Each structure stands twice: as C-alpha cells, then as structure tokens.
Amino acid sequence: MASFPTLQAALDARAASSHGVTFVNGENDERHIEYGELRRRALAVLFHLQRAGAAPGSELILLTERNEQFVDTFWAGVMGCIAVAPIAPGNADEHRLKFFRVLTRLARPHLAVERAAWQRLAAFAAANGLEREWARLDRHTVFLDEIAAETEGRRHPASAGDVALVQFSSGSTSEPKGVVLTHGNLVANIDAIIDGIDAKPEDRSLSWMPLTHDMGLIGFHLTPLVADVDHALMPTALFVRRPLLWLAKATQHRASVLASPNFGYKHYLKSFDPAKAAGLDLSSVRVVFNGAEPISAELCAEFLAALAPYGLRGDVMFPVYGLAEASLAVTFPPPGRPLAAVALDRGRLGLGDVARTVDAAVPGAVTFVRVGTPVRGCALRVAGADGATLPDGTVGRILIRGDNVTQGYYDDPATTADWMTADGWLDTGDLGVIVDGELAVTGRIKEILFVAGQNYYPHDVEAILDRHAGIELGRAAVAGVRPQHAATDDVLVFVVAKGAPDAFVPVARTVRRVVNEQMGVAVAAVVPVPRLPKTTSGKIQRYALARDWENGVYADVVLRLATLEAAAAPTAAGATGELEQMLLEMCKSALPGKSIGVDDNLFELGSSSLTLAQIYERIEAAYPGRLEVTDFFEYPTVRTMAGFLSQRLADGG
C-alpha cells in the first residue's frame, strides 16, 4: 500500500510539518523553507502558470539553474495537474537544440524560465529558422524572476494515473526520449526507497545532484518530503567549483544520507587536503548512495579511507542500480553492509556468456560492484537476445517490471514498442549478471559514454563533428573506454583518413577543439583509421573500435601522431607580464602534465568543463566578478584572456 496516492496528497499532508528544505547557495548563504511554505509558494507560481494558459493535461518545460525556483515551479505543476518536463540549462548550441526538439514533442507546451535565458533562446530561434516552434510559446511563458503577486492558483486534484513528470534523456540531444512517470509510478518508487534504506525519522539528506536528474529530484527532494524529514539542496555548479563545501555542509547539517556518482568522489578527492579538514565530522552519515554511472570499487575504497579519520564509517557506501524508466531505483543492497565486489573474466562478458569468477589480480580480470536485489514492488530478470530468462551467472539484458516502471515514452510509440515487451517488461539496454543472488551491471548496450557524471551518446558527438568540423556522418565514430582505476570514461574519436599521418595533425586538433567547445567534453585521443567496422546493415560497430584500442592495436599510430603534433606545435612565447604569468600558472595547476604556453588554445589542450571551472574559480578568487565562465569561448588562450581581463580591470567592470 502506497503512503500517498499522489504527490499532491504528499505535499498537502506535509503542510503542517515543521520539516522542510534548505537551499545552500554558498558557504554563508542558505535559506530554509518549511514544507507548508513550499506548498504556498507553489500555488503562487501556479497562479501565473494558469494565467499563461496552463491547465490539467498541459506540459510545462522547466528551465532554470536555481534550485529554489526549480522546486517551487515543479510543485506548481504537480498541484495544477500539469506534466512537468525539466531540461538542464546550458550555454552550448546543442543544449538549445535539445530544447527545441523537446518542444516539438509536446502537444500543449508552456515554459517557465528566467528572462535572460528566454532572450537567448529567442535569439537562437531567430538565427536558426525556428520561429514557428518558438511562436508556440507566445503567451504561454512565465518568467520566474519576475513573479511578484502572491495570489494562489487553483489546485486541480490528480489521480495516480496522471502524468506528473516527463524525464527527457540527459545524454541525447538529437533525439531526446521523454520517460513518462505518473504520480503512481513516483510514489511507489519513493516508498520503496524509504523502505530500502530503512529510513529514520531523524534522517537528514544533502545533495548536490542536479534536480533535472532523477537522482537529484526523486531521490533527494521528493523522497525526503514524502518521508517528512529535513533535506538540503546544493547547486551542482557550486559543488564543481568548491567540492570541499559538500562535506563541510554535511558536517554542519548533520546529514545522514548523501549521494554521488564516481565523478563526484574523484572530484572531491582531487581537492581534499587533510590539513584543512580538521572541522569535518561525518559520524552522522549512515548511507552514501553511489549510482548514476558504473561504480568503481577502487574509488569507493579510496574515498572511504580518506574520510575515515573524520568519522565516515566503512559500511556507509550504498551502491545502487537505477534509471529514469524505473522512477529511479531498481536494486538496493542491504543497508549497513560493506561494499561487495566480484572479479570476472573480461573475455566472458558477452551476451549469453557464462561469467567466470577470477582473482582480481589476474590479467583480464574486471571488478564489478554488486548492487543488491530489486526494491519493493519492482521485479527484475536477466534475459537473452530472444527475451527468455537466463540462469544466474549468465550475462544478459536487464529487464524490469513493476508499479514504479514507466509505461512508455512521451508521444513516441515506436520507441516504446522497441523497449517494452508484450507482457510489460522494459528492456533497460544494460547488460548484467546475477552473482550470489545479487545484480552486477557489466556493460551497456546503448553505448552511453559516462564522463564527469554526465551521460553522452556517441551519435550526438558524431553529429557535432559533422556540423562543426566538416567530418561527414559515417566517417567518424565515437567510443568510450574505462581505464583501470579511473572514475570516468576516456572519449575516443576514430576518423577515416587516407593520407599521411602528418596531414592528420590539424584534423585531430580540430576534433578536440570542436567537441570541447560544443559539449564541454575532453577527447582522450583522435585516431586515424582506414575504415570503420560496420554490420551488414551499415551500423558502425563502436564496440569493435573500443576493443581494438584496449588491445593496443592503435598504440603505434597514436604515439606517432603525438610526436608529429609536438613537432608541429608553434613555440609558445613566454608570459610578458605579471597578469599573463599568473594566469599561466593557474592553467598549469589545473592541467598537470600539460605543456602550456600563453598562446595555446585551452580547448585544443583537452580542457574539460571541470578544468575550466577550476581555472575560473582561481581567477574569480583573485578578481571577483570580472569574468564569466563563458568568456573562455571568446578568449581561449592565456594571452587573450589576460588582455580581456586587463581591459575589464581598467574599465572597472
């Protein structure tokens, strides 16, 4: 029996609660709102949505970087029986294209956004022939930074079968799929999460995960509200800039439930300094969720060991498996159990292979973390290519079914038919094996790239190369490989090339720069190949390219290219002034092991979005308010950035 029939009922029940949500916007910048106040604020936003034409059955695109506005507006949609479709904001054209592709899928769209972001989208629409699509939002947009009236909107009762959330895929921008989640789906999974972690009345959670992601929204906002406990939300960008603030705030708020994917633990450890951690006290923490991307047992152990002197127990790491189609959670381990891993033979992990357990130290061993058993109300089975259930110990496709599982994709019957079986099982697209009664996720059929906590799809990167680098579709293939002990995938780009290796050097530079500028992703290697392996139907076999890379097939050509690229690089002039010298040292600190000159393009050097954020944070500390992160796109070298910053300082900007 669900605790509430709908999310509406949950918020109504919490109107008299003394618990609430704290919005952490900085070290000394917080705002606490009790659930009753949240309900009132949501109804005030609902008034403006309804004045803009939103009604039960409408859709609402929610586009904001501010957690406080996001939460108010999400609940406004819930209280008005409006399907909310959150989209992660972004500065790149690919993010704006995703917005318009989502817009075309909606029947009765409305938009909640800040005025500045709206203006950028309007300009993009005008420049790219999207005026007709943009016109659909005319008189159906609410500007979240201009809401003043406190009039409450009209609450429309929802049923368990009504759509509450449409979770569009975070990785794909070219063909975003909208996972349809009803009130019943969400409440069923939230109850299972509460049960699965053995939630306590005194629990307090803290999260920096984005609210546009199911872990952030469902796991760390909706779940604590339904459980009627306090929770805190921290902007993802704040964590990226100041990772140490995460556990400092966990100490301050006596948090008992935390979460992060691999990337977050790695990012935190890079900045961690025991000499500055004397004030940490993590003895209140009892659950640390680890999910959203493949889990590294080595990284978990490193994180736990580093924080053990500050009270973090060795049994708090909680590795889980989930996905948006399940309203978040699919499998949980028993709470309070130390991390459990299994080493398997890399050569026996294909679909239908009987997995072979090996010693973790032997060559060819791959370690996987066991992620437990299905949560309450969710069923799971491992199936072969024909859909038949496979015995335990055999690698197969992970299929799920239950009250928490979506019934399909928004306005997309073809995709729904592709991924749903006739008897209601959803194919997750992931591969796994049952070992000792628990699931180990071994791979992904969908070829998702996991980079710095984000999902990317190879075909999206290839489309960008077609549009911005002049490399036609079908002549480049993108694949990801996970180096041993790494927390994220290396992104590899294979390009069909017939000429001499030295002629490929400018191509490699262009590929790295374009992917970095357009997607904020650093390319580990650009590899010339005579042809791309394809199936008989013409599909590129990316897995074959990744396999050959791991087997060292391209080692010689990559080494040869590195030598040629170093020889072709112009001799970079040294810093000519104090400002250039300071910026150069900041860049060198953020890019250890890189040879950097004042005229080197940071994007061509392989700077990721995280690296740029680190450099920006250093500049911001020295010259507050003088730059924006986006200025790197206009001034990507130390020399040009120094010139721009110098002018800003002279102007008093």
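Before any of the text, the structure's been laid out above.
The shown structure was predicted, so the numbers you read here are calculated from the model rather than taken from an experiment.

Colleague: Could you give an account of the overall build of the chain, with specific residues and numbers?
Modeller: Secondary structure summary: the chain contains 21 helices and 27 strands in total. Taking 2.2 N^0.38 as the reference for a compact globule, 653 residues should give roughly 26 Å; the C-alpha atoms of the chain span a radius of gyration of 25 Å, in line with that estimate. Dimensions of the chain, computed from the C-alpha atoms along their principal axes, are close to 70 × 70 × 55 Å. For the chain, buried positions account for 55% of its 653 residues. Long-range pairs, those at least 24 residues apart, make up 72% of the contacts in the chain between residues at least 6 apart in sequence. Total accessible area on the chain stands at roughly 26,700 Å², and carbon and sulfur atoms take up 51% of it. Counting 61 positive and 76 negative side-chain charges, the chain places the centres of these two groups 2 Å from one another.

Colleague: Which residues make up the packing of aromatic side chains, and what are the values?
Modeller: The tally for this structure, following the rule as stated, stands at 25 aromatic pairs. An aromatic cluster of at least three residues, connected via ring pairs, comprises Trp208, Phe239, Trp246, Phe263, Tyr265, Tyr268, Phe272, Phe303 and Tyr310. A cation sits over an aromatic face here: Arg115 above Phe143, 3.7 Å from the ring centre. Over the ring of Trp425 we find Arg381, and its NZ or CZ is 4.8 Å from the ring centre.

Colleague: How would you sum up the nonpolar core? Please name residues and give values.
Modeller: One recurring pattern in soluble globular proteins: nonpolar side chains tend to sit buried together. Ranked by size, the top nonpolar core spans 117 residues in total, and within it Phe74, Trp75 and Phe289 carry the most contacts. Look past the residues within four positions of Phe74 in its chain and what remains in contact with it is Leu7, Leu62, Val84, Leu165, Leu217 and Leu222.

Colleague: Which residues make up the pairing of strand E16 (residues 341–345), and what values do they have?
Modeller: In terms of burial, E16 is a largely internal element, four of the five residues being buried. Where E16 and strand E17 (residues 365–369) come together, five bridges link them in antiparallel fashion. Paired with Val342 across the strands is Phe368, a residue of E17.

Colleague: Can you explain the sheet that holds strand E27 (residues 523–529)? Please cite residues and give values.
Modeller: The pairing of strands in a sheet comes from backbone hydrogen bonds and takes either a parallel or an antiparallel form. Across the sheet, which stays open at both edges, the three strands sit in the order E25-E26-E27 with mixed pairing between neighbours. Both edges of this open sheet fall to strand E25 (476–481) and E27, since each of them pairs with a single strand only. Averaged over all adjacent pairs, the angle separating strand axes in this sheet is 25°, with direction ignored. The sheet contact formed by strand E26 (residues 490–496) and E27 spans six bridges and is parallel. Residue pairing in the sheet places Val493 in a bridge with Val526 of E27.

Colleague: Any details on the pattern of salt bridges? Residues and values, ideally.
Modeller: Tallying each qualifying case throughout the model produces 27 salt bridges. Between Glu146 and Arg115 there is a salt bridge; the shortest N-O distance is 2.8 Å. With Glu146 in the loop between strand E6 (141–143) and strand E7 (163–168) and Arg115 in helix H5 (residues 115–127), this pair connects stretches of sequence that are 31 residues apart. Judged by its relative accessible area of 29%, Arg115 falls in the partly exposed class. Glu438 is paired through a salt bridge with Arg337; the nearest N and O atoms lie 2.3 Å apart. Of the two residues, Glu438 is situated in strand E22 (residues 438–444) and Arg337 in the loop between strand E15 (328–332) and E16; the sequence distance between them amounts to 101 residues. Judged by its relative accessible area of 8%, Glu438 is buried. Taken together, the shared-partner salt bridges in this structure form one network comprising Arg31, Arg41, Glu68 and Asp72.

Colleague: So what about the packing of helix H14 (residues 458–468) against helix H15 (residues 501–519)? Which residues, and what values?
Modeller: What describes two packed helices is the angle between their axes and the distance between those same axes. The geometry of H14 relative to H15 is characterised by a closest axis approach of 10 Å and an angle of 110° between their N-to-C directions. Comparing their axes, H15 and H14 come out roughly perpendicular. Relative to H15, H14 is oriented so that their crossing is right-handed. For the pair formed by H14 and H15, the contact residues are Asp460, Val461, Ile464, Leu465 and His468 on the first element and Val511, Val514, Val515, Gln518 and Met519 on the second. Classifying every residue of the contact of H14 with H15 by side-chain character gives seven nonpolar, two polar and one charged.

Colleague: Explain unusual backbone geometry to me, and be specific about the residues and the numbers.
Modeller: Peptide bonds are trans in most cases, and residues, glycine excluded, mostly fall at negative phi. A positive phi angle is found at Asp198, which is not glycine, with a value near 55°. As for its position among the elements, Asp198 is in the loop between helix H7 (183–196) and strand E9 (204–207). The backbone of Leu328 shows a phi angle near 125°, a positive value even though the residue is not glycine. Structurally, Leu328 is set in strand E15.

Colleague: Outline helix H4 (residues 93–105), supporting the account with residue identities and numerical values.
Modeller: Between the first and last C-alpha of H4 there are 19 Å, a value that for 13 residues agrees with the 18 Å anticipated at 1.5 Å per step. Taken together, the buried positions of H4 are occupied by Glu94, Arg96, Lys98, Phe99, Phe100, Val102 and Leu103.

Colleague: Requested: an account of the sheet that holds strand E20 (residues 396–402), with residues and values cited.
Modeller: With antiparallel pairing, the four strands of this open sheet are ordered in space as E19-E20-E21-E22. The two strands at the open ends of the sheet, each matched to only one other strand, are strand E19 (378–383) and E22. Taking each pair of neighbouring strands and ignoring which way they run, the sheet shows an average axis angle of 50°. Inspection of the sheet shows E20 paired to strand E21 (residues 426–435) by four bridges, in the antiparallel sense. Bridge pairing in E21 places Ile400 opposite Leu426.

Colleague: Quick one: what's the story with the side chain of Arg397, residue by residue and with numbers?
Modeller: Along the chain, the position of Arg397 falls in strand E20. Among the polar contacts made by the side chain of Arg397, one reaches the side chain of Asp427 at a distance of 2.6 Å. When near neighbours in sequence (up to four residues on either side) are disregarded, Arg397 contacts Leu351, Arg381, Val382, Ala383, Gly384, Trp419, Asp427, Asp430, Leu431 and Ile445.

Conventions we followed
Residues numbered from 1 in each chain as written. Predicted model: local features only at pLDDT ≥ 70, side-chain atom pairs only at ≥ 80, totals over all residues. Heavy atoms only, no water. Helix = DSSP H or I, 4+ residues; strand = E, 2+ residues; numbered from the N terminus. Rg over C-alpha atoms; globule rule 2.2 N^0.38 Å. Buried < 20%, exposed > 50% of the residue type's maximum accessible area, 1.4 Å probe, protein only. Contact = heavy atoms within 4.5 Å. Areas by Shrake-Rupley, 256 points an atom, 1.4 Å probe, with all protein chains shown as cover. Lys, Arg positive; Asp, Glu negative; His and termini not counted. Charge placed at Lys NZ, Arg CZ, Asp CG, Glu CD. Phe/Tyr/Trp six-rings, centres within 6.5 Å; stacked < 30°, edge-to-face > 60°. Lys NZ or Arg CZ within 6 Å of the ring centre and 35° of its normal. Core = buried A, V, L, I, M, F, W, Y, C linked by side-chain atoms within 4.5 Å. Pairing = 2+ DSSP bridges. Axes fitted to C-alpha atoms, helices over the stretch in contact; angles between N-to-C directions. Salt bridge = Lys/Arg side-chain N within 4 Å of Asp/Glu carboxyl O. Parallel < 35°, antiparallel > 145°, perpendicular 65-115°, else oblique. Left-handed = near helix turned anticlockwise from the far one by under 90°. Nonpolar A, V, L, I, M, F, W, Y, C, P; charged D, E, K, R; others polar. Expected span 1.5 Å × (residues − 1). Polar contact = N/O pair within 3.5 Å; in protein donor to acceptor, adjacent residues only side chain to side chain.

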